[in-house]
Amino acid sequence: MSSVDVVLCSVEQGVATLTLNRPEANNGWTGEMQNRYFDLLVECESNADVRAIVVTGAGKSFCPGADMKVLSGATSDVGNIGAPQKAARPNYTPMLISKPIIGAINGACAGVGLVQALMFDLRIAAEGAKFTIAFSRRGLIAEYGAAWLLPRLVGHSVAMDLLLSSRTFVADEAKEMGLVNRVVPKEHVLDEALAYAHDLATNCCPTSMAIMKQQVLGDYNRSLMEATDIANREMVASLKRDDFKEGVRSFLERRPPSFQPHSA
């Protein structure tokens, strides 16, 4: 399998589907997979035909974490897992992608696989899918932003439980704690995620979605007054855009809108 094959990409009707594609290893994460995945996200960001992104796994798992053969030092790839190694984007994170990312968590999701899933904008999980942060049971730490992401999704106490114990939990509990948005039968996970993504691609303004992603991420470190001030400025700017006029016209004419691609 070539490096191009370890993550597959297809684009249809405004939605890019990225598929982690090492089913023979349950999609165990490797440096090669990581670099291919990040490269594809960057390509999706610059592709005007892509308005939403769905990420899933081939076979029965989403991603159970790093390939254990790599972690054991059986290959030279062991130093490439974690933060991206490419000098062109040493601090790159998928959260900086301006387009919505929806996770179709079709099976086991653990370790670095779970960290990647935390960076999605929302997650749809298969019934019975198992989750674990795993790190404390491998002698590792909360890598690659996990200690920042988890408390913001599930709260401090729950995040500490998941990080310290590295216990395994299933999709229903993940939904209860706010880690996933929906739980559906395994055979419907990808269809559910694609339907959601296609709705965004068809009916929602790419520029509006990109700015709202920036607001949510940036407002974590702002006061209410600062966030309100920025929102007021963004609202004034949005009222001047052609997308606003199109949004109103499409509503009055009872038709789908024709929004312009977002210019990053």
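Higher on the page you've got the structure.
Residues numbered from 1 in each chain as written. Predicted model: local features only at pLDDT ≥ 70, side-chain atom pairs only at ≥ 80, totals over all residues. Heavy atoms only, no water.

Caption draft 1: A look at the pairing of strand β6 (residues 122–126). Taken across its five residues, β6 has five buried, putting it largely inside the fold. Taken together, the four bridges between strand β4 (residues 101–105) and β6 define a ladder with parallel strand orientation. Each bridged residue has a counterpart across the sheet, and for Ile105 the counterpart in β6 is Ala125. Two elements, β6 and strand β9 (residues 182–184), share three bridges in a ladder whose sense is parallel. Following the sheet pairing, Ile124 is matched in β9 by Arg182. (Buried < 20%, exposed > 50% of the residue type's maximum accessible area, 1.4 Å probe, protein only. Helix = DSSP H or I, 4+ residues; strand = E, 2+ residues; numbered from the N terminus. Pairing = 2+ DSSP bridges.)

Caption draft 2: The pattern of salt bridges, seen in detail. One pass over the full model with this rule turns up 10 salt bridges. The salt bridge involving Asp219 is made with Arg222; its shortest N-O contact spans 2.7 Å. Between Asp229 and Arg233 there is a salt bridge; the shortest N-O distance is 2.4 Å. Linking Asp229 with Arg233, this pair stays in helix α9 (residues 224–239), spanning four residues, or about one helical turn. Classification of Asp229 by relative accessible area gives partly exposed; the value is 40%. When salt bridges with common partners are traced through the structure, they connect Glu246, Arg249, Glu253 and Arg255 into a single cluster. (Salt bridge = Lys/Arg side-chain N within 4 Å of Asp/Glu carboxyl O.)

Caption draft 3: Expanded view of the packing of aromatic side chains. If you walk through the whole model with that rule in mind, you get six aromatic pairs. Pairing Phe62 with Phe120 gives two aromatic rings, centres 6.2 Å apart and planes at 90 degrees, and the pair type is edge-to-face. Taken as a pair, Phe62 in the loop between β3 (52–57) and α2 (68–71) and Phe120 in the loop between α3 (111–118) and β6 lie far apart in primary sequence, 58 residues in all. Of the residues examined, Phe62 reaches a relative accessible area of 1% and is grouped as buried. (Phe/Tyr/Trp six-rings, centres within 6.5 Å; stacked < 30°, edge-to-face > 60°.)

Caption draft 4: Spotlight on the sheet that holds β4. Strands sit in the order β1-β2-β3-β4-β6-β9 across an open sheet of six strands; the sheet is mixed. Single-partner strands in this sheet number two, and they are β1 (7–12) and β9. The mean angle between the axes of side-by-side strands here comes to 20 degrees, regardless of whether they run parallel or antiparallel. Of the strand pairs in this sheet, β1 and strand β2 (residues 15–20) are connected by six bridges, and their pairing is antiparallel. Opposite Val7, over in β2, you have Leu20 as the bridge partner. The strands touched by helix α1 (residues 31–46) are β1, β2, β3 and β4; relative to β2, the strand with the most contacts, the crossing angle is about 180 degrees. (Axes fitted to C-alpha atoms, helices over the stretch in contact; angles between N-to-C directions. Contact = heavy atoms within 4.5 Å.)

So, to be careful, I would describe these as geometric facts and stop short of saying anything about function.
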